[in-house]
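Geometric and topological summary
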Amino acid sequence: MDIVDEAAEKPKDDADVRVGRRVRALRLERRLSLAELAAKAGVSIGALSQIERGMSSLRVKVIWPLAAALDIEPSALIADGDEAVNDLYCVRADKRRSIPVKSEGIAKALLSPPGATLTGMLVTVEAGGGTAEAYAHAGHEFGYVLSGEVELVVDSTKYGLKTGDSFAFKSTLLHAFRNPGAEQCQILWVNTTKPSEVRDGA
């Protein structure tokens, strides 16, 4: 029996809406289409769509296969509404996902939620750390230096930036950055390109 039969469409409940947003956020995080997740979990596309829209409750018999398909614990799908978890529209400070980088001394934490048009990152550059080489990709970017100092090179022009300074440029221009200071540098970095689409030197 399909879960749509077991959980008839009904007026939206706040708890169901939260769970639905969580399911959709997790699906988008894993870059799965509605059809792909439905197939992995063994449910219909219509049933999964109703769950994501908060139009039907997540039944016990569906929680386990859906959690398995998303590679998470079932409890992650039904966390209490007061519990701080990532959502379709927010990312909790202790739930940030690390973005793989190739250069030493650089760490990137994803600040934007799944499905966001913009990619927000907290870029941490250790003293002496920096990109291995200049790189370029599609999109535009903006940055704000939260702490420390950074040497930014855009289209062969070098800029020395300190706490409170900001920048913006087309991502198609060759760019690179490094921390010339003795202390760690942190930058709020916003990009119009998804992390998976950026083939950079960092």
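Residues numbered from 1 in each chain as written. Predicted model: local features only at pLDDT ≥ 70, side-chain atom pairs only at ≥ 80, totals over all residues. Heavy atoms only, no water.

1. Considering helix H4 (residues 45–52)
When you tally the buried positions in H4, you get 6 out of 8 residues, the bulk of the element. Glycine 54 sits one or two residues past H4 and shows a positive phi near 75°. (Buried < 20%, exposed > 50% of the residue type's maximum accessible area, 1.4 Å probe, protein only. Helix = DSSP H or I, 4+ residues; strand = E, 2+ residues; numbered from the N terminus.)

2. Some remarks on the pairing of strand S6 (residues 157–162)
The two faces of a sheet get side chains in turn, since along a regular strand they alternate between them. As judged from the 6 bridges shared by strand S5 (residues 149–154) and S6, these two strands associate in the antiparallel manner. Within S6, the residue paired with glutamate 151 across the bridge is glycine 160. Here S5 hands over to S6 after 2 residues, with aspartate 155 in that stretch at a positive phi of 50°. (Pairing = 2+ DSSP bridges.)

3. Brief notes about the packing of aromatic side chains
Here the structure, examined in full by the defined rule, presents 3 aromatic pairs. Consider the rings of phenylalanine 167 and tryptophan 189, whose centres lie 4.9 Å apart with planes at 70°: the pair is edge-to-face. Of this pair, phenylalanine 167 sits in strand S7 (residues 166–170) while tryptophan 189 sits in strand S9 (residues 185–191); the two residues are 22 residues apart in sequence, bridging distant segments of the chain. Residues phenylalanine 167 and tryptophan 189 agree in their burial class; the two are buried. Consider the rings of phenylalanine 177 and tryptophan 189, whose centres lie 4.9 Å apart with planes at 45°: the pair is tilted. Highlighted residues: phenylalanine 177 in strand S8 (residues 175–178) and tryptophan 189 in strand S9, separated in sequence by 12 residues. The pair phenylalanine 177 / tryptophan 189 is uniform in exposure class, with both members buried. Grouping aromatic residues by their ring pairs yields a cluster made of Phe167, Phe169, Phe177 and Trp189. (Phe/Tyr/Trp six-rings, centres within 6.5 Å; stacked < 30°, edge-to-face > 60°.)

4. Notes on the sheet that holds S7
Working definition: the strands of a sheet are paired by backbone hydrogen bonds and lie parallel or antiparallel to each other. Pairing in this open sheet of 6 strands is antiparallel, and the strands run S1-S2-S3-S9-S4-S7 from one edge to the other. The sheet is open, and its two borders are formed by strand S1 (97–99) and S7, each paired with just one other strand. Shown here is a sheet whose adjacent strand axes are inclined to one another by a mean of 25°, direction ignored. (Axes fitted to C-alpha atoms, helices over the stretch in contact; angles between N-to-C directions.)

5. Observations concerning the pattern of salt bridges
In the structure shown here, the tally under the stated rule is 3 salt bridges. With a closest N to O distance of 3.4 Å, glutamate 29 and arginine 30 form a salt bridge. Ionic pairing is found between glutamate 151 and arginine 178, a salt bridge with its closest N-O pair at 3.0 Å. One end of the pair, glutamate 151, is in strand S5; the other, arginine 178, is in strand S8, and 27 residues separate them in sequence. Among the residues examined, glutamate 151 registers a relative accessible area of 16% and is labelled buried. (Salt bridge = Lys/Arg side-chain N within 4 Å of Asp/Glu carboxyl O.)

6. Structural notes on helix H3 (residues 34–41)
Within H3 the residues assigned to the buried category are Leu37, Ala38 and Ala41. Axial view of H3: buried residues confined to an arc of 100°, hence all on one face. Facing away from the buried side of H3, by more than 90 degrees, are the exposed residues Ala39 and Lys40. Where H3 is buried, its residues contact helix H2 (14–29), H4 and helix H5 (60–70). Following H3 by one or two positions, glycine 42 has its phi on the positive side, about 75°. (Arc of directions from axis to C-beta. Contact = heavy atoms within 4.5 Å.)

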